[in-house]
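Observations on chain architecture
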Amino acid sequence: MSSIIQLLPDHVANQIAAGEVVQRPASVVKELLENAVDAKATDIKLIIKDAGKSLVQVIDNGQGMSVTDSRLCFERHATSKIRQAEDLFSLHTKGFRGEALASIAAIAHVEMKTKQEQEELGVHIIIEGSKFVSQEPAVLPKGTSFAVKNLFFNIPARRNFLKSETVEQRHIVDEFQRVAMAHSNIHFTMYHNGSEMFNLPISNFRQRIVNIFSGKTNEKLVPVKEETEIVNLQGFIGKPEFSKKNRGEQFFFVNNRFIKSGYLHHAVMAAYEGLLKDGAQPSYFLYLDVPPHTIDINIHPTKTEIKFDDEHALYAILRSSIKHSLGQFNVAPVLDFDRDPNLDTPYQYQNKEAEYPTIQVDRSYNPFSEDKQPSKSFASASHYKKPEAQPSWESLYVGLKQAGQEIAEMTFENGEAVTSSLFEENEIEQEVKRTYQIHKKYIVSPIKSGMVIINQKRAHERVLYEEFLTSMTVKQASSQQLLFPLQLFYSSDEVVLLSELKTSLENTGFVFEAIEEDNVLISGLPVNVTESEISIVLEELLSDLQDGIPDNSFSQNDTIAKSMARSLAIKTGTYLTEKEQENLVHNLFACKEPNVSPFQKPTFITMSVEDLDKKFSL
């Protein structure tokens with residue numbers, strides 16, 4: 001029997017590897033940015049077109065490559081980062097596998113320009129689907145420029161699975177922010193379709209976070225710092241009152257590499273125990289510096305998961321450090337009822353030495369001198385005036401006695417006043433209570449065949465959903481104007497999302513006065529939205545649209561109506577008066593689809609008298 005096992009050609013093996021390494025344009029951005037960081041660049045530019053589908057270009061001023069290296073870097077498992085297997089346990093670079101450039105070149109058109117500082121000429125290479133098209137010398141500045149065009153041009157199925165431009169752009173921004181936050185000593189710039197999205201100068205960790213997530217972030221941050229033999233921890237956590245529904249501002253960096261860890265996230269949440277509302281997520285930007293031999297990065301192609309030698313110790317250190325910071329900066333409440341807050345020493349004064357108070361002495365003062373002048377605050381007896389006597393209160397009633405006598409002399413007809421009624425007593429029906437609230441969750445209303453039990457939250461969701469949908473599609477909604485415009489701060493990608501939703505939100509009753517780079521100014525709200533609820537409504541709406549805005553307008557309006565109905569619906573545990581109960585029941589059964597909520601869950605059930613009889617027949 002002939003042999004059937006054979007080695008795959010390089011271009012086929014590269015495409016298989018590309019399936020693991022390059023899932024979307026954001027994967028290319030991550031690999032190229034990390035290569036630029038490893039090349040010791042101090043200025044990195046990222047240029048994107050059509051959310052990375054047409055172009056992803058990274059330009060750096062790093063070391064550059066020689067002619068031989070520039071050709072060899074596109075081969076599989078060719079890398080400058082490691083030399084032997086032991087190097088995997090002492091990694092100080094982002095990349096180490098040598099698969100990224102080979103995988104990218106297999107599924108895209110790649111154009112690379114690179115030059116080392118000591119060389120007079122650089123090299124210009126063009127590759128299309130693992131095939132070298134040209135290699136020429138060129139006059140170039142120091143550093144490397146990678147341009148990846150027409151991603152997945154030879155794998156149309158993978159290209160069709162890409163999401164909308166909004167979603168792909170958001171993933172690219174996420175990768176850019178992760179690399180930029182890990183390296184605040186590098187100047188990063190990002191351009192999308194010709195417009196500048198980020199310009200992050202060299203700064204410290206705190207300033208880099210503020211530059212990425214708008215200037216309002218600065219007041220939310222609480223510093224965390226702890227040095228131990230196992231880990232050196234530093235970074236910032238968000239104050240509990242600024243927590244959000246989504247997990248967009250949660251970052252762990254281990255040895256300047258972004259990672260995801262549910263175990264460490266649980267440690268952070270344990271430190272915030274009792275300080276957060278249900279479902280709220282705190283912000284944190286934590287940098288962990290651990291010995292390289294105590295971690296294993298080589299467990300996943302994306303390198304976002306890490307195995308630690310002693311996870312339990314890390315958990316305890318992280319939890320206690322965050323608790324310490326929350327208490328140290330008076331974020332967490334102190335259960336000391338006899339404590340005088342005036343005696344608290346501010347954090348910045350803890351190492352400051354006490355200063356002696358300065359004493360001023362008036363040496364010319366003589367308390368026994370005879371020429372003392374009387375104090376100005378006391379007037380002499382000659383200037384004292386006796387206050388004029390106020391008229392007596394009895395003088396107010398002078399002249400009223402005569403009028404009183406005249407009234408006493410008047411005579412009235414004897415007889416009782418008869419009050420007539422429009423209805424006879426037996427005709428007045430006693431008002432019957434038609435609805436009852438049970439456990440502040442269900443509304444029970446009797447009907448002819450038995451009773452109907454309504455879930456108040458789902459019923460209100462259905463009512464609000466149809467109201468919002470009608471106002472957005474059929475008629476213009478009315479809005480209430482605010483006395484003072486409300487300013488809300490968001491990150492740059494959230495502001496872009498709100499600007500795209502502006503028309504639909506205005507149809508529901510919102511009035512936007514201005515949309516700036518990092519904030520939104522609102523001057524009008526829908527009638528059934530209070531000013532205190534507005535930030536919650538928009539935050540949940542942005543969270544629901546994290547995966548992108550639907551293309552057609554109906555789906556977009558439907559998503560907005562569902563999100564706002566869920567945010568504004570009566571919560572379980574809310575007490576309703578009789579009028580509110582009746583109003584909710586009438587509005588529910590006036591809806592087009594009263595049977596289900598907007599999320600296809602039943603809003604009410606009916607229980608007939610026969611069902612009740614069966615229960616008692618047991």
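What counts as what
- Residues numbered from 1 in each chain as written.
- Predicted model: local features only at pLDDT ≥ 70, side-chain atom pairs only at ≥ 80, totals over all residues.
- Heavy atoms only, no water.
- Helix = DSSP H or I, 4+ residues; strand = E, 2+ residues; numbered from the N terminus.
- Areas by Shrake-Rupley, 256 points an atom, 1.4 Å probe, with all protein chains shown as cover.
- Pairing = 2+ DSSP bridges.
- Axes fitted to C-alpha atoms, helices over the stretch in contact; angles between N-to-C directions.
- Contact = heavy atoms within 4.5 Å.
- Salt bridge = Lys/Arg side-chain N within 4 Å of Asp/Glu carboxyl O.
- Buried < 20%, exposed > 50% of the residue type's maximum accessible area, 1.4 Å probe, protein only.
- Polar contact = N/O pair within 3.5 Å; in protein donor to acceptor, adjacent residues only side chain to side chain.
- Phe/Tyr/Trp six-rings, centres within 6.5 Å; stacked < 30°, edge-to-face > 60°.
- pLDDT = per-residue confidence, 0-100.
- Core = buried A, V, L, I, M, F, W, Y, C linked by side-chain atoms within 4.5 Å.
- Parallel < 35°, antiparallel > 145°, perpendicular 65-115°, else oblique.
- Left-handed = near helix turned anticlockwise from the far one by under 90°.
- Nonpolar A, V, L, I, M, F, W, Y, C, P; charged D, E, K, R; others polar.

1. Here's the deal with the overall build of the protein chain
A count of helical and extended segments in the protein chain gives 17 helices and 22 strands. When the accessible surface of the protein chain is split by element, carbon and sulfur atoms take 51% of a total near 38,000 Å².

2. Section: the sheet that holds strand β11 (residues 250–254)
One open sheet accounts for 5 strands, arranged β9-β10-β13-β11-β12; its pairing is mixed. Since the sheet does not close on itself, it has two edges, and those belong to β9 (221–227) and β12 (257–259), each with one partner. The mean angle between the axes of side-by-side strands here comes to 20°, regardless of whether they run parallel or antiparallel. Along the sheet, helix α9 (residues 311–328) makes contact with β9, β10 (232–238), β11 and β13 (284–289), crossing β9 at roughly 135°.

3. Observations regarding the pattern of salt bridges
Tallied over the full model, the rule gives 10 salt bridges. A salt bridge links E34 to K30; the nearest nitrogen and oxygen atoms lie 3.4 Å apart. With E34 and K30 both in helix α2 (residues 25–38) and 4 residues apart, this pair spans about one turn of that helix. Across the pair, exposure class does not vary: E34 and K30 are buried alike.

4. Here we look at the sheet that holds strand β5 (residues 131–138)
Either a parallel or an antiparallel arrangement is found when strands of a sheet pair, and the pairing is made through backbone hydrogen bonds. Sheet architecture is open: 8 strands sit in the order β5-β4-β3-β6-β2-β1-β7-β8, paired in mixed fashion. A strand with exactly one partner marks an edge of an open sheet, and here the two such strands are β5 and β8 (195–200). Averaged over all pairs of adjacent strands, the angle between their axes in this sheet comes to 10°, without regard to strand direction.

5. Examining the side chain of T508
Mapped onto the fold, T508 is located in helix α13 (residues 502–508). A polar contact is formed between the side chain of T508 and the backbone oxygen of L505, at a distance of 2.5 Å. Leave out the neighbours within four places in its chain, and T508 touches F468, S471, M472, A477, P526 and M564.

6. Things to note about the packing of aromatic side chains
Per the counting criterion, the structure on display carries 16 aromatic pairs. Each ring, one from F252 and one from Y284, has its centre 4.8 Å from the other, and the planes form 45°; the classification is tilted. Of the two residues, F252 sits in strand β11 while Y284 sits in strand β13, which places them 32 residues apart along the sequence. Just as F252 is buried, Y284 falls in that class too. Geometrically, the ring pair formed by F253 and F258 is edge-to-face, given 6.0 Å between the ring centres and 65° between the ring planes. By relative accessible area, F253 is classed as buried at 1%.

7. A closer look at the confidence of the model for the protein chain
On average, the protein chain scores 79 in pLDDT, and the residues at 70 or more come to 78%. Confidence over residues 374–382 falls short of pLDDT 50; this stretch has 0 contacts with residues more than four positions distant or in other chains. Taken as a whole, residues 417–431 scores under 50 in pLDDT and shows 1 contact with residues more than four places along the chain or in a different chain.

8. Quick notes on the nonpolar core
Residues L32, I44, L46, F74, M181 and F188 are the most contacted members of the largest nonpolar core, which totals 55 residues. Discounting residues that sit within four places of it in the chain, F74 has contacts with L101, A102, A105, V110, M112, I127, F132 and F146. Grouped together as the second largest cluster of nonpolar side chains are 32 residues, V520, L538, I560 and A569 included.

9. Notes on the environment of S130
The residue S130 is located in the loop between β4 (122–128) and β5 in this model. Assessed through its relative accessible area of 26%, S130 is described here as partly exposed. Distance in space between the C-alpha atoms of S130 and L101 is 10.0 Å, their sequence separation being 29 residues.

10. Re the packing of helix α6 (residues 165–182) against helix α7 (residues 205–212)
For any two helices packed against each other, one specifies the crossing angle of their axes together with the interaxial distance. At a closest axis distance of 9 Å, the pairing of α6 and α7 adopts a crossing angle of 160°. What the angle tells us is that α6 and α7 run roughly antiparallel. As for how α6 packs across α7, the hand of that crossing is right-handed. Every residue of α7 that contacts α6 at Q177, A180 and M181 is listed here: F205, R208, I209 and I212. Of the residues assigned to the contact of α6 with α7, the class counts are 5 nonpolar, 1 polar and 1 charged.

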